[in-house]
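Residues per chain are reported as follows:
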Amino acid sequence: MKRTRDEVAAAMHDPRVGDPVGDLVDRSGMTDHDVEQVVRLMNALRNWHEAAERMSESSRRYMRLNETDMRALRYLIAAHNQKRLVTPGALTEYLGISSASTTKLLDRLEKGGHVRRGPHPTDRRALTVSVTDTTRVDARQSVGRQHARRFAVAADLPPAEREVVISFLDSLSATEVVEGNRVSD
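Rules behind the numbers
Residues numbered from 1 in each chain as written. Predicted model: local features only at pLDDT ≥ 70, side-chain atom pairs only at ≥ 80, totals over all residues. Heavy atoms only, no water. Helix = DSSP H or I, 4+ residues; strand = E, 2+ residues; numbered from the N terminus. Buried < 20%, exposed > 50% of the residue type's maximum accessible area, 1.4 Å probe, protein only. Contact = heavy atoms within 4.5 Å. Expected span 1.5 Å × (residues − 1). Bend = angle between axes of the 7 residues up to and from the residue. Axes fitted to C-alpha atoms, helices over the stretch in contact; angles between N-to-C directions. Parallel < 35°, antiparallel > 145°, perpendicular 65-115°, else oblique. Left-handed = near helix turned anticlockwise from the far one by under 90°. Nonpolar A, V, L, I, M, F, W, Y, C, P; charged D, E, K, R; others polar. Salt bridge = Lys/Arg side-chain N within 4 Å of Asp/Glu carboxyl O. Core = buried A, V, L, I, M, F, W, Y, C linked by side-chain atoms within 4.5 Å. Patch = residues over 30% accessible without salt bridge, like charges linked within 9 Å, V, L, I, M, F, W, Y side chains within 5 Å. Areas by Shrake-Rupley, 256 points an atom, 1.4 Å probe, with all protein chains shown as cover. Lys, Arg positive; Asp, Glu negative; His and termini not counted. Charge placed at Lys NZ, Arg CZ, Asp CG, Glu CD. Arc of directions from axis to C-beta.

1. Some details on the overall build of the protein chain
And then number 1: Of regular secondary structure, the protein chain possesses 8 helices and 4 strands.
And then number 2: Along the protein chain, helices (α) and strands (β) appear in the sequence α-α-α-α-α-α-β-β-α-α-β-β when read from the amino end.
And then number 3: Looking at the protein chain as a whole, 24% of its 185 residues qualify as buried.
And then number 4: Sequence-distant contacts in the protein chain: of pairs separated by 6 or more residues, those separated by 24 or more amount to 44%.

What follows is the structure, encoded as structure tokens:
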């Protein structure tokens, strides 16, 4: 019997397949039903991650931007909504990239009609960066609508269930520590 891509991917999260003798995954005290439920949970996370990646890729393709460009625009849109001025230095700090990379990014975004640079209203030596109205509207119609749908799903959960999900995701996030290029425990 030929297995589908999803069936193969689902089996990869099953410790009975990937760790049959239990060297890595402690399953003591768990029933087969418990293990199957955890595997379903891990597969649901994989599905969410893949869906989020597809949505992000779709938005980047639609706007013809890379991930750092999109992060910069999200920051600029949030600053616009909060009526905050953004300098290239603030953007550099937020993105965690060099000043030279920020200059190249801003040149690219300005050439694409996504941002504009202008004089700072109180510091003659500084510039401000802002998102163009067209890009702000485009982002609202694409990424903004996707976020609104995600928010609605989370809002539909009862408060106690939201707390369980928050706790789970926070605990899951805390399991990975990145050292160099390797994830370790």
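2. What to know about helix α7 (residues 133–156)
The α-helix advances 3.6 residues per turn, and as a result positions three or four apart in sequence lie on the same side.
And then number 1: For α7, spanning 24 residues, the distance from its first C-alpha to its last is 32 Å, which sits close to the expected 34 Å at 1.5 Å a residue.
And then number 2: Its maximal kink placed at R140, α7 deviates by approximately 40°.

3. Let's talk about unusual backbone geometry
And then number 1: The phi dihedral of K83 falls on the positive side, at around 55°, and the residue is not glycine.
And then number 2: Within the secondary structure, K83 sits in the loop between α4 (67–81) and α5 (88–95).
And then number 3: Overall, K83 belongs to the exposed group, its relative accessible area being 76%.

4. Focus on the packing of α4 against α5
And then number 1: Between α4 and α5, whose axes approach to 11 Å, the crossing angle comes to 125°. Between α4 and α5, the crossing angle belongs to the class labelled oblique. Crossing hand, α4 versus α5: right-handed. Packed against α4, whose contacting residues are T68, R71, A72 and Y75, the element α5 presents A90, L91, Y94 and L95 at the interface.
And then number 2: In the contact of α4 with α5, the residues fall into 6 nonpolar, 1 polar and 1 charged.

5. Topic: the side chain of D14
And then number 1: Tracing the sequence through the fold places D14 in the loop between α1 (5–12) and α2 (15–18).
And then number 2: Discounting residues that sit within four places of it in the chain, D14 has contacts with V35 and V39.

6. As for the pattern of salt bridges
And then number 1: Taken as a whole and judged by the stated rule, the model has 10 salt bridges.
And then number 2: Residue R117 pairs with E110 through a salt bridge whose shortest N-O separation is 3.0 Å.
And then number 3: Relative accessible area serves as the criterion here: at 34%, E110 is assigned to the partly exposed category.
And then number 4: A salt bridge links D133 to R136; the shortest N-O distance between them is 2.8 Å. In this pair, D133 and R136 are both assigned in helix α7, 3 residues apart and thus about one turn of the helix distant.
And then number 5: Within the structure, one salt-bridge network assembled from shared partners comprises D14, R16, D32 and E36.

7. Some points on the nonpolar core
And then number 1: Residues L73, L76, L91, L105, L109 and V115 are the most contacted members of the largest nonpolar core, which totals 18 residues.
And then number 2: Taken together, the elements giving at least two residues each to this core come down to α4, α5, α6 (99–111) and β2 (127–131).
And then number 3: Here the element with the most residues in this core is α4; it accounts for 7 residues.

8. Brief notes about a positive patch on the surface
And then number 1: Taken together, R140, R145, R149 and R150 make up a surface patch of like positive charges.
And then number 2: With respect to the helices and strands, the residue R140 is situated in helix α7.
And then number 3: On the basis of relative accessible area, R140 is assigned to the exposed category, the value being 62%.

9. Some details on α5
And then number 1: Taken together, the buried positions of α5 are L91, T92 and L95. Down the axis of α5, the sector holding all buried residues measures 105°, keeping them to one side.
And then number 2: The positive-phi residue at the C-terminal boundary of α5 is G96, with phi of around 70°.

As far as function goes, none of this settles anything; it's purely spatial.
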